[in-house]
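# Structural overview
Here is how the chains run, residue by residue.
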Amino acid sequence: MYVLLVASAFNSLTQRVHAELRDHGHRVAVELALPDASLAEAVRGHQPDLVLAPMLRTAIPEEVWAAHTCLVVHPGPVGDRGPSSLDRAVQNGETRWGVTVLQANAEMDAGDVWASVECPVPPVGKSDLYRGEIADAALEAVLLAVERFASGTYVPRPQSSGRSRPLLRQEERRIDWEAEGTERVLRALRAADSQPGVRDDLLGGDWYLHGGHREDVLRGRPGRLLATRAGAVCRATADGAVWIPELRARRLPGRPAASRLPATLALADRLPPLPEVPAPPHSGPHRRTWADIGYREEGQVGFLSFSFPGGAMSTAHCRRLLDAYRTACTRPTSVLVLGGGRDFFSNGIHLGVIEAAADPAEESWANINAMDDLVEAVLTTTDRLVVCALGGNAAAGGAMLALAADEIWCRSGVVLNPHYRLMGLYGSEYWTYTLPRRVGPGLADRLTAEALPLSAATAQGLGLVDRTVPCAPEDFARETGHLAARLAALPATASRIAEKKTARERDEADRPLAAYRAAELALMRRTFFDPDAPYHALRRAFVRKERPAATPPHLARATTDRVSPAPTVTAATTATTIPAATAATTATTLPAAAATAPAATLPPPGVTGLAVPDAAPGPDCC
């Protein structure tokens, strides 16, 4: 079928629906519901078999739903209605929730039901839940609804009753630090973690608080800041304390929207002298405190986990993770698992921190070099096998970071965006070495040029990843632990490590890693320090969540997957399947002009095609 996706943004769920419908053989296109564009005219131009709205903040016009079957994905169980469904579920402490696919009609969220799927609600932030359990339930419901529609025989069920709940406004989100305990505070913070945040007064400023994690030891006067850790601040509650990783300044009249920043960076000179309290090493299950980087060992396997808000990795994030990686490599293990968390793996450089810097060009340069240092450390690890375990999505430099490993394992719900073009960048992280080594130079060119999301299943079929793990988000760490233990115990692992060292030496002799890095960074530097390069306008639009003027052509074009899979190779031979000389030519295969492509070839400002600033349906702020 020809399925048209109508969405307010090309967010994580829309990307996953796009990728998985293509996997099922459907032709798929996207139209963004924009205030200055006629959605009805756009739909008429497509003439789709079915209109599907994975994430929509506005109503579908009557002239559209009267002419076409329009299915809307609502992140709530049957009967739940309103724009803050997921926010209220998290804030109210629900343990079970669901997703409903219903038919659009004159009353919002009240149409006939085509499919509904329940899911658990673990104690995590709204955006993590949205990309995890909610997305899994949504895909199950969407695929069932599309199958039922295609059959031509299914009759959707009318809703017999429903409860419409109003927008969850800041008055209901507000935290009373003097009176409220940690559990209530955490629910409020988690329900607003990505957007809109919880508005609050802090150190004489008006801020939105983003994210919340429990602290089990530090105590103080309720509302006071107690300590800092890796850019986050610890704030006392009535009976404990919480860590708040990010803050966003309130938008001033006539000024662009501010971006979320590490809390200490946002507060800057307002921050009083506070102790920097590092996370306890190897804290284990007996500690309930927050850390964005952690390490543990089980037998011959080391697990280096990390989780940065939104998957963005600033210069400081990269350097701290590199230090932790180097320390992990001193341990007597034969397998090192990098990642393994349930949410984002990585989306590459931190555009928000770059935009807030006094000199964004210099910060861009520092950030990409810090990313390259980390990737180089992974590529040059020859005394053990390195596995990148992706429990959540990865894009741009984050996807290329994963390619540096010997094996890549993805949870089955992961979406990959292995490209940079839509941010006006050529890219670095040694991608001109690692991506062709995985899939061949032709497919590498196509993936980076088409700039479309890939499901984990398609990525495995193309040879981009080695294993998909079909499990719930909460189970991914445990499943990867079992798989890593089996890998370490295999008799062939020792020989693979020896072969890996030989292959690295051979590749280095053919063309040094430094040559790939120099070629990539020459183009990146040219873009960063050219004030007229599209990257700067695209970055600002991305960070400020500016609405585009139109749907990008690469999304509006109907697409199905016709990419030929890569030749079947084993993980042990991947490094040598494609000759190093072939990979060496890739730096010049894509024209240098890709780094400074004319604006006409780039998406409208505000739409990058990467993992956009993500959130569940609802207003950007309230």
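Throughout what follows, the structure given in this document is the object of discussion. (Residues numbered from 1 in each chain as written. Predicted model: local features only at pLDDT ≥ 70, side-chain atom pairs only at ≥ 80, totals over all residues. Heavy atoms only, no water.)

### Quick word on the overall build of the chain
What the chain contains, in helices and strands, is 23 helices and 25 strands. Among the 622 residues that make up the chain, the fraction classed as buried is 59%. The contacts of the chain with a sequence gap of at least 6 include a subset with a gap of at least 24, amounting to 74%. In the form shown here, the chain has an accessible surface area of approximately 23800 Å², with 53% of it arising from carbon and sulfur atoms. (Helix = DSSP H or I, 4+ residues; strand = E, 2+ residues; numbered from the N terminus. Buried < 20%, exposed > 50% of the residue type's maximum accessible area, 1.4 Å probe, protein only. Contact = heavy atoms within 4.5 Å. Areas by Shrake-Rupley, 256 points an atom, 1.4 Å probe, with all protein chains shown as cover.)

### Structural notes on the nonpolar core
Here is a general trend for soluble globular proteins: nonpolar side chains tend to be buried in one another's company. Among the nonpolar cores identified, the biggest contains 71 residues, and Leu304 and Leu390 are the most heavily contacted of them. Tallying contributions element by element places helix α11 (residues 360-379) first for this core, with eight residues. The contact partners of leucine 304, leaving out residues within four places of it in the chain, are Ile293, Gly294, Tyr295, Leu321, Ala324, Tyr325, Leu336, Val337, Leu338 and Gly339. Counting 42 residues, the second-largest nonpolar core is a separate cluster that includes Leu86, Trp114, Ala137 and Ala141. (Core = buried A, V, L, I, M, F, W, Y, C linked by side-chain atoms within 4.5 Å.)

### Structural notes on the pattern of salt bridges
For side chains bearing opposite charge, pairing can occur when the charged atoms are close. Evaluated as defined, the whole model comprises 38 salt bridges. With its nearest N and O atoms 3.3 Å apart, the salt bridge here joins glutamate 172 to arginine 88. One end of the pair, glutamate 172, is in helix α6 (residues 170-173); the other, arginine 88, is in helix α4 (residues 85-91), and 84 residues separate them in sequence. Notably, a salt bridge pairs glutamate 355 with arginine 539, separated by 2.7 Å at the nearest N-O pair. With glutamate 355 in helix α10 (residues 351-356) and arginine 539 in helix α19 (residues 534-544), this pair connects stretches of sequence that are 184 residues apart. A relative accessible area of 17% means that glutamate 355 is categorised as buried. (Salt bridge = Lys/Arg side-chain N within 4 Å of Asp/Glu carboxyl O.)

### Examining helix α17 (residues 492-510)
Over its 19 residues, α17 extends 27 Å from the first C-alpha to the last, a length consistent with the 27 Å expected when each residue adds 1.5 Å. Restricting attention to buried positions, one finds in α17 the residues Thr493, Arg496, Ile497, Lys500, Ala503, Arg504 and Asp507. Here the buried residues of α17 occupy an arc of 130° about the axis, which is enough to place them on one side. Seen from the open side of α17, the exposed residues pointing more than 90 degrees away from its buried face are Ala494 and Ala509. (Expected span 1.5 Å × (residues − 1). Arc of directions from axis to C-beta.)

### Remarks on the environment of glutamine 195
Along the chain, glutamine 195 turns up in the loop between α7 (182-190) and β9 (198-202). When its relative accessible area of 3% is taken as the criterion, glutamine 195 is described as buried. C-alpha separation for the pair glutamine 195 and aspartate 87, spaced 108 residues apart in sequence, amounts to 9.7 Å. For glutamine 195, the side chain forms a polar contact with the side chain of lysine 545, separated by 3.3 Å. (Polar contact = N/O pair within 3.5 Å; in protein donor to acceptor, adjacent residues only side chain to side chain.)

### Points about the pairing of β9
Going residue by residue along β9, you find Val198, Asp200 and Leu202 tucked away on one face and Arg199 and Asp201 left uncovered on the opposite face. Relative to strand β10 (residues 205-210), β9 is paired through five bridges, and the arrangement is antiparallel. Within the sheet, the bridge partner assigned to aspartate 201 lies in β10 and is aspartate 206. Linkage of β9 to β10, two consecutive antiparallel strands, is achieved through a turn of two residues, within which leucine 203 is found at a positive phi near 55°. (Pairing = 2+ DSSP bridges.)

### Description of the packing of aromatic side chains
Throughout the structure, instances matching the rule amount to nine aromatic pairs. Aromatic pair phenylalanine 306 and phenylalanine 308: ring centres 5.7 Å apart, planes at 35°, arrangement tilted. Grouped by ring-pair contacts, the aromatic residues Trp114, Phe149 and Tyr154 constitute a single cluster. A cation sits over an aromatic face here: arginine 525 above tryptophan 365, 4.9 Å from the ring centre. Here the guanidinium or amino end of arginine 525 rests over the ring plane of phenylalanine 529, the centre of that ring lying 4.4 Å away. (Phe/Tyr/Trp six-rings, centres within 6.5 Å; stacked < 30°, edge-to-face > 60°. Lys NZ or Arg CZ within 6 Å of the ring centre and 35° of its normal.)

### Some points on unusual backbone geometry
A cis amide bond links glutamine 195 with the next residue in sequence, proline 196, at an omega value of 5°. Mapped onto the fold, proline 196 is located in the loop between α7 and β9. With a phi angle near 50°, alanine 268 is a residue other than glycine that sits in the positive phi range. Structurally, alanine 268 is set in the loop between α8 (263-267) and β17 (293-298). The phi angle at alanine 396 is positive, at roughly 50°, despite the residue not being glycine. On the secondary structure map, alanine 396 appears in helix α12 (residues 396-403).

### Concerning the side chain of glutamate 407
Relative to the assigned elements, glutamate 407 resides in strand β22 (residues 407-411). A distance of 2.9 Å separates polar atoms of two side chains, one belonging to glutamate 407 and the other to tryptophan 409.

### Considering the sheet that holds β17
The mixed open sheet is built from six strands, whose spatial order is β17-β18-β19-β20-β22-β25. Strands at the two margins of the open sheet, each flanked by one partner only, are β17 and β25 (467-469). In this sheet, neighbouring strand axes are inclined to one another by 20° on average, regardless of whether the strands run parallel or antiparallel. Relative to strand β19 (residues 335-339), strand β18 (residues 301-306) runs parallel, the two sharing four bridges. Bridging from a neighbouring strand, glycine 302 pairs with leucine 336 of β19. (Axes fitted to C-alpha atoms, helices over the stretch in contact; angles between N-to-C directions.)

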